[in-house]
Amino acid sequence: MKKRILSGIQPSGQLHVGNYFGMIERMVNFQEESELLCFIANYHSLTSLSDSKKLERNTFEAFVDLLSLGIDPQKSIFWVQSHVPEVTELAWILSNFTSVGLMQRSTSYKDKISNGLKPNMGLFSYPVLMASDILLYQSNIVPVGKDQKQHLEMTKDIALKFNNFYGDTFIIPEVEIDKNKDLIIGIDGKKMSKSYNNTIPIFGKESQIKDQIMNIKTDSAGLNDLKDTNTPLFQIFSMFLSDNELKTLDERYNTPGLKYMEVKKELFEKVMDYFSNQRKNRDKFINNPDDVRDLMKLGAEKARDIASKTLLKVKKAAGLI
Ligand code: TRP
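The text that follows walks through the structure, step by step, so that each part is easy to find. Predicted model only: the values in this text are computed from it and were never measured.

Further remarks concern the pattern of salt bridges. Within the structure shown, the criterion is met by 13 salt bridges. Where Glu86 meets Arg304, a salt bridge forms, and the shortest distance between an N and an O atom there is 3.1 Å. Here the residue Glu86 occupies a position in helix α4 (residues 86-95), and Arg304 occupies one in helix α15 (residues 289-318), the gap between them amounting to 218 residues. Judged by its relative accessible area of 11%, Glu86 is buried.

The structure is reproduced here in structure tokens:
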């Protein structure tokens, strides 16, 4: 049987090339050899966003962005989390198998609070809802970044506890830590992240993409000096290059006469060219919101088919039916 891979993405604004090369590109490729389940985690966003218009818009745009980048709702199962209400019902059941001590040790919760988020129960039980996402769909593999590793461990803990009480009910998922995800650096040399404002947005305006590229931090090497490749401009550019192209760029860095400005112009053209089909796709979807809603509905129906079966099994096991 094909392995089932599940991934949830919070709708948090403009996707950037770090998101793409860190995760999305791999998910798009997974669709060929595995069964991909992918959803927009809007219930998770609700833990820290109470602007309804903004949540709705972000959710819609995140769905469109991923469609445009190649998540295929026919081949895969692609939906909006809140469109399948079974997930919250399972989360309640699972919360009875979740130790408070375990939740209190959540580093992600502690980080969020120290960054000023209000400590509400949604934020506190965030990992239970995440466990529910994963277990409801009986996922085999969950690829995440390092920051989500602890959540996955909590999921396993909860699933094992439930299985111990009631017999094998849930598949215990394998965690796949995506090393790439933490390696992609932004225009200032720090990790590329929306919160540092150092990204190159995939679907931003042309002028915005250009500005960000022109602002990539470079060193003060003179025209005839050899250039350091362990720098943001080279590293960002390298994600877009084939092995041969990368070799050529590397040689240019190691030959006197290279101008950073020229490299930046080339990078700008490369980025625009690389995502040109995806940007056209996106315009098409944005102008046809009803088509997008139909695809959301299709995804929710497919997801619900799996969700309702698991939930029935769980409720029978726990004596709730
Ligand atoms: N917490 C994840 C993040 O912020 C998003 C997410 C929600 C998720 N549910 C999930 C990821 C289930 C993987 C599986 O990145």
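Both faces of strand β4 (residues 141-144) are covered, namely the face carrying Ile141 and Pro143 and the face carrying Val142 and Val144. One ladder, built from four bridges, connects β4 with strand β5 (residues 174-177); its direction is parallel. Paired with Ile141 across the strands is Glu174, a residue of β5.

Moving on: the site of the ligand. Taken together, 13 residues form the shell around the ligand, and within it Gln10, His44, Tyr126, Asp133 and Gln148 come nearest. In the environment of the ligand, an oxygen atom lies 3.4 Å from a nitrogen or oxygen atom belonging to the side chain of Gln10. Within the side chain of Tyr126, a nitrogen or oxygen atom sits 2.8 Å from a nitrogen atom of the ligand. For the ligand, whose unbound accessible area comes to 360 Å², protein coverage reaches 90%. Those elements giving two or more residues to the shell around the ligand turn out to be β1 (4-9), α8 (126-136) and β4. It is α8 that provides the largest number of residues to the shell around the ligand, a total of four residues.

In this section: the packing of aromatic side chains. With the rule as written, the count across this model stands at 19 aromatic pairs. Summarising the aromatic geometry, the rings of Phe97 and Phe162 are spaced 5.1 Å apart at their centres and angled 70° between planes, so their arrangement reads as edge-to-face. Of this pair, Phe97 sits in the loop between α4 and α5 (100-104) while Phe162 sits in helix α9 (residues 149-166), placing them 65 residues apart in sequence. Among the residues examined, Phe97 registers a relative accessible area of 10% and is labelled buried. Take Phe162: its relative accessible area is 0%, and that puts it in the buried class. Considering the side-chain rings of Phe240 and Tyr274, the 5.1 Å spacing of their centres and the 90° angle between planes classify their relative orientation as edge-to-face. Note that Phe240 is positioned in the loop between α11 (232-238) and α12 (243-253) and Tyr274 in helix α13 (residues 260-274), a separation of 34 residues in sequence.

Quick notes on the rules
- Residues numbered from 1 in each chain as written.
- Predicted model: local features only at pLDDT ≥ 70, side-chain atom pairs only at ≥ 80, totals over all residues.
- Heavy atoms only, no water.
- Salt bridge = Lys/Arg side-chain N within 4 Å of Asp/Glu carboxyl O.
- Helix = DSSP H or I, 4+ residues; strand = E, 2+ residues; numbered from the N terminus.
- Buried < 20%, exposed > 50% of the residue type's maximum accessible area, 1.4 Å probe, protein only.
- Pairing = 2+ DSSP bridges.
- Near = heavy atom within 4 Å.
- Polar contact = N/O pair within 3.5 Å; in protein donor to acceptor, adjacent residues only side chain to side chain.
- Areas by Shrake-Rupley, 256 points an atom, 1.4 Å probe, with all protein chains shown as cover.
- Phe/Tyr/Trp six-rings, centres within 6.5 Å; stacked < 30°, edge-to-face > 60°.

Any functional reading would require information beyond the geometric quantities listed.
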